[in-house]
Structure formats: structure tokens, C-alpha cells
Amino acid sequence: MAPQKAIETIGRTLTQQYERWQPKARYKISLDPTIDEVKKLCTTCRKYAKSERVLFHYNGHGVPKPTPNGEIWLYNKSYTQYIPLPIIDLDSWLQTPSIYVFDCSAAGLIVNAFIALQDYGTSSSGPSTRDCILLASCEAHETLPQSVEFPADVFTSCLTTPIKMALRWFCTRSLLHESLDYSLIDQIPGRQTDRKTLLGELNWIFTAVTDTIAWNVLPHDLFQRLFRQDLLVASLFRNFLLAERIMRSANCSPISYPMLPPTHQHHMWDAWDMAAEICLSQLPTLVEDPNAEFLPSPFFTEQLTAFELWLDHGSDYKKPPEQLPIVLQDGFLDMGPWAVDLALSVGIFPYVLKLLQTTTPELQQILVFIWTKILALDKVDLVKDRGHTYFIRFLDSVEAYPEQRAMAAFVLAVIVDGNRHGQEACIEVGLIDVCLKHLQGSSPNEAQTEPLFLQWICLCLGKLWEDFLEAQMIGLQADSHAILAPLLSEPQPEVRAAAIFALGTLLDVGFDSSRDGLGDEDYDDEKIRAEADIIKTLLTAVSDGSPLVRAEVAVALSRFAFGHNKHLKSVAIAYSKPQSNSLCSLPSFVVKGSGSGYTTPTHYMPHGSIVPSVAPLLRVDSQTMARDGRVSTSSPLATSGIMHGSPLSDDSSQHSDSGALNDCVSHGVINHATRRPLDNALYSQCVLAMCTLAKDPSPRVSRLGRRVLSIIGIEQVVAKSVKSSSRPGESTTATSLAGLGRSSSWFELNGGGRLPLAFRTPPVSPPRPSYLTGMRRVCSLEFRPHLMNSPDSGLADPLLGSAGVSERSFLPQSTIYSWSCGHFSKPLLTAMDDSEDIIARREEREKVALDHIVKCQHSSVSELQKNQIASWDTKFETGTKTALLQPFSPVVIASDENERIRVWNYEEATQLNSFDNHDYPDNRGVSKLCLVNELDENLLLVGSNDGNIRIWRDYTSRGQQKLVTAFASIQGHRPGVRSVNAVVDWQQQSGYLFASGEISSIMAWDLDKEQLVNTIPLESDSSISALAVSQVHGGQFAAGFVDGYVRLYDIRTPEMLVCATRPPSQQVERIVGISFQPGLEPAKLVSASKAGKIHCIDMRLTKDAYLAIDAHRGSLTAVAVHRHAPLIASGSAKQLIKFFNLEGHPLGTIRYYPTFMAQKIGAVSCLNFHPYQVMLAAGAADACVSIYADEVSPSK
């Protein structure tokens, strides 16, 4: 071939080879050019490329080596001599970004000169912003190989035809080198882009191997820059890894800038060699017979197997799997945020973005999962790629499971969160109608819809119309508030909270900066009616059992208060004015009027009291009260200086929040006073609801409630300081509960965590489920208030516009959305099972309990009154009110009238913990202590006399107690009664808490649902003074009344009331204690009256008590019946404890003897038997707790 023709062929071939890697690029060749030609070529390419990368490939074969200064050789115009071209000139013509390929001997000299040029530019003009990449065939001292084994331009061949070069080089070292005709390598059938062909399969494997090597060896940032940002650069660097492997075998070391670590000996090359050999073994057959079937390599299957093994045993503490770039799959992404981060580092993003165009059902589900995991870690704008339409279609598909559609709703919620462009795009394609359609389809008559799906449909709607007037109008016109309202009865608190969030964001607060001049005067009657309906719906949830829900109600009401602050403020002022014969006022508040003074109320409003002078304003009947929640609680507001989750240290800072708000109100920042008013009665109910929330038993909810009151101009009166400025484990929740901030339910979602605990030896308790086993909503009370802007919230900060930001800062922010996002950061593909240790401990405790029960049933109870094993001075100022023995550890818990709780180890005689049940200054005393989940890590349920329930965990560790949840179990009480005097009891089998007192009903709360499930009306005017649940029959409980009546209830029956009886007596005797007798008899009770009589009653024989015991004379204060032993204990104010069996025979007495060595007991205030041992804890008015045991046995 003539020299001129040969050089033209080389140039043309090189162009064709590059076109395979980047077919859309424009290529120009310059054969034996002069300096002027090169300059013109470079400047022209940069002109057309603009800001794109330019490739400069230098084939320096046949010209001298580069000079030590890094100059390459070109020709003069007459081709009579070589002319050096400095790298600095070339760089100035080509500019940046660029990539250079130098294929010549001593090419490292050029790289060295370029690095020196870069270093000089950096030192003289600051950090370099030039984006230049260099690939050189060998180091400065090396000469290119001149062997028949390699082509002359071996480096260029590796970069442009890697598969052929790799196979040629491999064949010389393979067992195939004798049997394979090398010329067949040039005839490999297929296309590089068709994986079903031999060439496509080899290309796919080669890409996977080189990607894997680079990902495992290169630093993360360098991998992203070279292998994931530019298609041509990524291809060249993959092929560069091959060049390094091949040329190092010929004692040449290709180099690059940026410099790469050595990769030629990476063990993944062995996997390539094996796959290549398997494919090459089929090559002769495939070339000879074009119709022959190609058998794919097992390479990917083998790598998948290795990856699945890693999935079974890997974790974030171990080295990432090397096969990740090859077989990245959803199982890996489900391992946590660290796995998603690794997946993004591999470069999954552009591929899953491109795959959003797919219509394959199987792939669609995987893509939704992958995008869910990505968006749970970071926020990505999918609207510009029309990605939102993909997820809306998937959300509306009936083929997908509800859990998968919940993921699609989550993705859409992230797309519209604080993103006006995303909100507008989703409205255009009808997302509101799609969401509402699925909510309407979840009627109670149908099979229950997946709660997670309902939750995220609501959250998606809430984010879609949040501060977006157009979307709010569409939602109101579609009657969305009426569609959302039934969800407030759903059994899952998360669904109810999400529905409240959607209703709250449907209220127009005026933060939409694109209102186009739509003023408040343009509100039509339809919108006014819709807004009123929303508020009425919100008011029904003020008394919800979940702090999660009530917190969202407070946030929603704050939006309403912001828009109607003038009208609400006027109602609040009316309440605050002294009434001549009225107790109606706002407790512990002052109303900041428009003038300079304060109007200070002097009384508080008791439950249920409706004063005639303000009756037209209130218009609230008893049914409304029960539905809309309590008018107020009997304890005034705490004066804690904590506002919206931020502990404030002093009184001045405490008022700064509301004071600043009111200043802004007076200076016109809040300019919604011209909004058309709603009905005054609705404003009245709102003010009462806000007061109720401000005194909520949940600290977070009460802080939010006080924040809402500050918006309408009500501030707290600092009547007296709280008991402690910082209660351990409570006010510091922002840090102490950081690891527990996200969860999905109190109870395990998989079956409710209800694991049967088989007690099979009669007469003992039946199986009892374990509630709150995983403690999954330990922060439904105090989920992190800083979650919205925290780096670990799982989402980027909302993209808020400038309008309304200053006003928005006054409103408490919802946390249900960010809190719910945490669900998708956790593993979704594997069930959360109890660990083996937990199951083993549970089984061990079952065995211990059964052994003790058998002993209890045959106990003679002869030594109990003689054997005082411990005496504990609790140092309670007001004496001991309640006491409780733990079942499997030597621990006794006691409380006093001030609701101080202390925990004591009676074997070691050491106090384990001491803490306040709450920080409110007005204490009502503790009426009941119960254990939830006796066989597991139990929780302490504390019932206060005002009906408030608080549940604690980790209460035996000093300063580590955490408040799990809190709610008011009593709503309202009888007119004229100032104290509720609540009585409560917990039933493990049913998961129900029963509560009553000075009210006309019994409340049944399902703690699984955190919901009031039954209100049982009382047939008499008398109040309940004692309450006890059956430990055998779920749903059955007994109540003792002030008038001496005893009634048996069963919520499983339609009538609820099973039977009633009153022991014969000459006078009305208040029941002070009631309990079921041990054994399986469902209707045998023990009741004790204040007059001192104990009655054993068989409720099936309602005419008379079958046994009456004259235990004490007019001074009985406490009674206890053992759960399994035939044993009754009664206590007297006369420093006396008596024991009886179920036949009424006295078994012994503990009394006060004024001798030095005798047992000393005070006036007995409470008695509590150990559930599985014959052991009694007795609390006295002198603050002493004594423990008696029939026999001393080691606790386990």
C-alpha cells in the first residue's frame, strides 16, 4: 500500500473506531499536519464544541520522541524538517474541557510538562478550573513495544477496539491458543449494543468488569468524574484499564492525568478471562453457522450469586460488595441509606432516570422501589424529565399492590414538597383526582385498604396543595374535605394524622405568592362553608388518643388562627371578662388586648360547665362536647419555658415568642383580619379546643397548643414555676430520642406483635398478647421537633419561596411528613421479627411464671404476715399513694399525691430511679400503676386522678425514662364536680384501657389504635369509684360504684352490661376496691366497701353476696386479691392489714406494735400483690412501703 494511502486508511479507520463510542460527535483528521494546520484545527473544533469536551488524539509513530520540555513534533510546510509544538500552545488553542490521547514513545514527557504547566498556573493565578484529561501510552523513559505480538499502535487499539485486543492478547495465553484461528476474532458476530449476540455479550461483560475494577479501586470523586459524567471519557478510561493490563506485559506503563492506581492485577480480570474463554469456545461454531444458537455466559449469574451471598451476610460495617456495579438490585438498596449512597456512587442515577420511559410491568415495580429509596435519601427534581407522570400512572394502576402504590405516592409527595413547579405539573395531569378516587374507594364496606397507602395519599395531597391556592380551590371543589373526614376514624394513628395534615394544608393561610391579586374579599360562600366544615372536622380530633394526631390538629388550628386571629381574639377576650355568677374563663391565661393592659381571669372553667350568660355564644350540647373533645382539663397550664420544641431558660425568653407575634399582629405583618368571619359558635369551640391542647398531657402537644394561643393573643400567666426546668428523659428529647425519631406504629405492623404466651395450666391466665413490643412509636409523643430541617430527616429542605417566609416562621410546623418519610429509609423487603434473644427471654419468663403459679395455687399462706422482707422509706412528703411489684425482678414502684414516681430494688435496698410524671404545677395524684407487656421489656402505665394516662419506658434506669405516649382518658365530668377522681385499669389480653370516675360513662380505649373505641353509658346517676379488669376473659371488667352497686361489663356483648348487684346493707357504702377472684370463673368478684366489709360475689346469683367478711370497722382503705392464690388482703387507716382466704377465713394480721423490735406500719393507703408469687407490697400514709413474702425465692 502506498504511504499516502496507508496514512489515509489509518486516519479513516481511527475515525470509524471512535464513532462507535460516540456516534453523534463530529470528527476531523489532520494527516502529517503543520503547526498552522493544527492551530486552525484546534481553534475550529473549540468554536463548534463551545463548552463541550474536545478530543485530541496524537499518533506519534514515525516522528521523534517528545522533547524533555514536552514538545511534540510536527512538519514545516515543505515537509523538510520537524517543528516542535509546545504543550502550552496546544493547550491555549484547545482550551477546556478537553481530553488528550498521546500514542508515542516517551509520552510521559508530555504528561509531565502538562502537570508542570498546571502547577504553574495554579500557583500564579489561584486554583485551576481547567478540566483537562490526558491518556499517554507509556512513561517518560519507556519505548513502545515493537513485537509481532502487538500492533504498532497497541495503545490506540486498546482504546478504540478493546474487545478484539483483549481477545487477541488473551488467546496467546489461553488453552485455546493452539485450537483457535486468530482471524476469527475479526469475525465475531453480532452488535455491541445487542446483548443476545456474542459481541454484545462480550462488550457487556467487559463493561461490567472494568466498571467494577474502577469502582473498587478509584476514590469516589474520581470514579464519578471519569466513569459517570461523560460517555466518551468513561469508554476511554474503561479501555485504558485494558491498555494498562496488556502493555504492562510488554514492560510499558500507560499513564494518565488524573493519575489512576494500578489495576492490571485486579482479580476481576480473572472473571473476564473465564467469561472470554467460554464465549470464544463458541466462536468457530457461530462463524461457521450463522443460525447456531448462542449460549450466554454464566458470568452475570455467578456474580449475582456472589452478591446475594453478600446480601445475606453483609452490612454497613463490612466492605461493600465488589459485584455492586454488575448486579445492583433492590435488595441492596433496602439495606439502608448507606447502601443507596453507594448505589448512587456506582452511577445508578442516569440509568434509572432513563428507565422511567419503560412500560414493562416487572421493571416498573422495581423502578418505583429504587426511586423510593433514592428520594428517601436525597431530593431530586424529576419534573423536568416528566418523571412525575410515570409515578402518577403507577399510582393509578390497579395491578400494583397497595404497598407499591404507597411508594409512588411518597415519590410524588417529594416531587411536590415545597416545589411550585412540581405542584403545577402534577395538577395539570390530575393528581388530585387520582388521589381522591383512591380515598373514596377505601370505604368501610370494602376490604380494608393498606394503611401505608392511605397515609401517603393524604400526605401527597397535603403537600400538593400546601400554600398553593389554585390546588386548594381544586381540592375544595372536589369536596376533598368530606372525603378526608372519614379517615379520622381509621384505626391507625398514622393515617389519622396524615388526614389531619391534608385538611390543615387545605386551609388558605395566604402564603401563596402567586395569588394574582385574589384578595380576601373574593372568598365566596362555598369556600367559607368548606372552611367551616374543615374546622368542625378538626375539632373532633382534639381528643384523639394519639399525640401524633393531636399535634397535627394543633398545627392545623394554628393555620386557621393565623387567618382568623382577629375574630378568635375577640372571642377569647369575651371569655376572659369576669362573669358575675360564672366560672367561665380561660384558665391560667391572659388575653393581650389591643390596649396596653391585660385582662386577668380569676377562675377556671370546670369540665362540662356551660354558663347561661355565654350559652348563645357557645351553643355546645353534651353530644357535641363528647364529639369535639373536652372543654378543658382540670389542671391549668404548665409554665414551662419550652416553645415549639426549643428549651428556653428564663421567663423573659418564654414570652418572647408570643410577644414578637403580637407585635407583628399590631404592626400589620399578619394582615388577614379582613377575612370574612365564620359563625361565632365555631370560634368559641376553637378557642376551647386550643385551651385543651395547651394543657394536653403530652408535652409536645401542649407546647404546640400554647403556640396556637399565642397567635390569637393569649399568653400564659406565670403563676408558679414548674417543678423542674429539665426533667430527665423528657425536655431534652431533641437529643435523647434522636435515634427513635421515626417509626410507624406503637405496635408491630406485622400482626400487631401479638405473640401468644401460652399459660396452659388451669386455673391460670389464658394467652396474653404482647403490646408495644418493638416500641415503634416511642416518639409519637416527642418525635423530633427539629426534624424538618435536620440533615438526617431523609429529605432536603423545602424549596420555599420568599413570600410568606417571615410570617411562616410564626406558625408551628407539621412533622408528620418528615417523620413518615423515615419509613422508607428502613428495610422494606424483610419483616421485622423478634430476635432470638427476645423470644428466648420470653419463653424463660413464661416457664418461671408457670412454676410460680403452681406454687401460688397450693400455697398455705402461713408465713406471709410474719415475713417482712423489706421496708422502704420513699421519702414522699404526702405519703405513698400507689405501689406496684414487678413480676420478674426484685423491683417495687411507688408514687405519691404529687405524682412523683420512685423505683426501688428491694433485694439490694437501692433506689433505681425517681422522676416526675409531668411538669405541671397542679398535681392530682396517681390513681393506678400498671405494667404493659409483663413478659417483655415492660412499660409503666401511670393513670392520674384527672384521667390523664402516661406510659413510660426505661423507667428503672436513673434519668433514662422516656415518655412513650400520653392522652386524656376522661373527657368532661359531671356538672358541679371539680375533680374527675378517675379510676382506670389495663387489660393485656384485649389491649384495652378502661377509664371512668365522676362521669356518666365508661371509656374503653384501644391502645393499639390509640383510639376511643367504646363509650359505655352508666344507667345510674352514681359514679364509679373502683374498676377492675378480668385477667382471664378479654373485654370483661367490673365496676364498683359510690352507692355500693357492683356491675359486671363485657364489651364483646351488644348490651355491654352483663349484670348488676348491690350487697345488702343498711346504708349506702362506697366501694373502694374491686377485683376478680383467681381462677377461670368469669363472674366471681371480690368487692370492698369503705365501711369495712368485704363481699365475695357470684354475679350469676344477683340476689345476694354469697359471702360477707367484716374486715374492718369503718376504716377500710385498700383491698387486693391475688391473681392466682386464694388470698385477699385488706388495709385499714388504723395501721392494720388483714389476710383472708376465699372462704372468708382469717389467715393472719399485720398490725402496728409500739415496741422497738416489732414491725411498724402506718395508715395503709395501698396494697398490691405480686402477680406470680405470694408477695405483698403495702404502702402507707407515712411514706413507707413494706414488702411481705410467704417464702423468700430468688427473682429471675
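Residues numbered from 1 in each chain as written. Predicted model: local features only at pLDDT ≥ 70, side-chain atom pairs only at ≥ 80, totals over all residues. Heavy atoms only, no water.

Taking an unreviewed UniProt entry as the reference, the protein is identified by name as Raptor N-terminal CASPase-like domain-containing protein belonging to Penstemon davidsonii. Here the protein is described in UniProt, under the heading Sequence similarities (unreviewed entry), as follows: "Belongs to the WD repeat RAPTOR family." (UniProt positions renumbered as here; feature names shortened; annotations may be inferred.)

(A) Broad picture of the nonpolar core. Ranked by internal contacts, the top residues of the largest apolar core, which has 102 residues, are Leu-395, Leu-439 and Trp-456. Those residues in contact with Trp-456 that sit more than four places away from it in its chain are Ala-406, Ala-409, Phe-410, Ala-413, Tyr-817, Ser-820, Cys-821 and Phe-824. Counting residues in hydrophobic clusters, the runner-up holds 65 residues, among them Val-101, Leu-159, Phe-240 and Met-268. (Core = buried A, V, L, I, M, F, W, Y, C linked by side-chain atoms within 4.5 Å. Buried < 20%, exposed > 50% of the residue type's maximum accessible area, 1.4 Å probe, protein only. Contact = heavy atoms within 4.5 Å.)

(B) Just the UniProt feature "repeat: WD" (unreviewed entry) in the protein, in detail. The positions UniProt marks with the feature "repeat: WD" (unreviewed entry) are residues 936-952. Structurally, residues 936-952 is divided into 0% helix and 65% strand, and its ends, taken at the C-alpha atoms, are 14 Å apart. (Helix = DSSP H or I, 4+ residues; strand = E, 2+ residues; numbered from the N terminus.)

(C) Summary view of the confidence of the model for the protein. In this model, the protein carries a mean pLDDT of 75, and residues with pLDDT of at least 70 account for 70%. Across residues 1154-1158, where pLDDT falls below 50, the model places one contact with residues more than four positions away in sequence or in other chains. (pLDDT = per-residue confidence, 0-100.)

(D) The packing of helix 17 (residues 387-395) against helix 18 (residues 402-416), seen in detail. Viewed as axis vectors pointing N to C, helix 17 and helix 18 meet at an angle of 145°, and their least axial separation amounts to 9 Å. As for the relative orientation of helix 17 and helix 18, their crossing is left-handed in sense. From helix 17, His-388, Phe-391, Ile-392, Phe-394 and Leu-395 reach across to helix 18, where they touch Gln-404, Arg-405, Ala-408, Ala-409, Val-411, Leu-412 and Ile-415. Split by residue class, the contact of helix 17 with helix 18 holds nine nonpolar, two polar and one charged. (Axes fitted to C-alpha atoms, helices over the stretch in contact; angles between N-to-C directions. Left-handed = near helix turned anticlockwise from the far one by under 90°. Nonpolar A, V, L, I, M, F, W, Y, C, P; charged D, E, K, R; others polar.)

(E) Fine view of the packing of aromatic side chains. Enumeration over the complete set of coordinates arrives at 25 aromatic pairs. Among the aromatic side chains, those forming a connected cluster through ring pairs are Phe-56, Tyr-58, Tyr-100, Phe-102, Phe-114 and Tyr-257. Between the NZ or CZ atom of Arg-26 and the centre of the ring of Tyr-48, over which it lies, the distance is 4.6 Å. When the ring centre of Phe-1041 is taken as reference, the NZ or CZ atom of Arg-1047 above it lies at 4.5 Å. (Phe/Tyr/Trp six-rings, centres within 6.5 Å; stacked < 30°, edge-to-face > 60°. Lys NZ or Arg CZ within 6 Å of the ring centre and 35° of its normal.)

(F) Focus on the sheet that holds strand 29 (residues 1071-1076). If you walk across this open sheet you meet the four strands as 29-30-31-32, and the pairing is antiparallel. Sheet topology places strand 29 and strand 32 (1107-1110) at the edges, where each strand pairs with a single neighbour. Along the sheet, successive strands turn relative to each other by an average axial angle of 15°, direction set aside. Relative to strand 30 (residues 1084-1089), strand 29 runs antiparallel, the two sharing five bridges. The residue of strand 30 that forms the bridge with Phe-1076 is Leu-1085. (Pairing = 2+ DSSP bridges.)

(G) Spotlight on unusual backbone geometry. Thr-96 connects to Pro-97 through a cis peptide bond whose omega is 0°. Looking at the secondary structure, you find Pro-97 in the loop between helix 3 (87-94) and strand 4 (98-103). With an omega dihedral of 5°, the bond running from Tyr-257 to Pro-258 counts as a cis peptide bond. Looking at where Pro-258 falls in the secondary structure, it is placed in the loop between strand 6 (255-257) and helix 10 (268-288). Even without a glycine there, the phi angle at Tyr-79 is positive, about 55°. Structurally, Tyr-79 can be placed in the loop between strand 2 (72-75) and strand 3 (82-85).

(H) The arrangement of the sheet that holds strand 16 (residues 910-916) in detail. If you walk across this open sheet you meet the four strands as 13-14-15-16, and the pairing is antiparallel. With one partner strand each, in any of the chains shown, strand 13 (880-885) and strand 16 form the two edges of the open sheet. On average, each strand axis in the sheet is inclined to that of its neighbour by 20°, with strand direction left out of account. Here five bridges tie strand 13 to strand 14 (residues 891-896), and the two strands are oriented antiparallel to one another. The residue bridging Thr-882 from the neighbouring strand is Ser-895, located in strand 14.

(I) Up close: the pairing of strand 37 (residues 1164-1169). Most of strand 37 is tucked away, with five of its six residues classed as buried. By the bridge criterion, five bridges tie strand 37 to strand 38 (residues 1175-1180) in an arrangement that is antiparallel. Counted as the bridge partner of Leu-1167 is Ala-1178 from strand 38. The turn joining strand 37 and strand 38, which pair antiparallel and follow one another in sequence, is formed by five residues.

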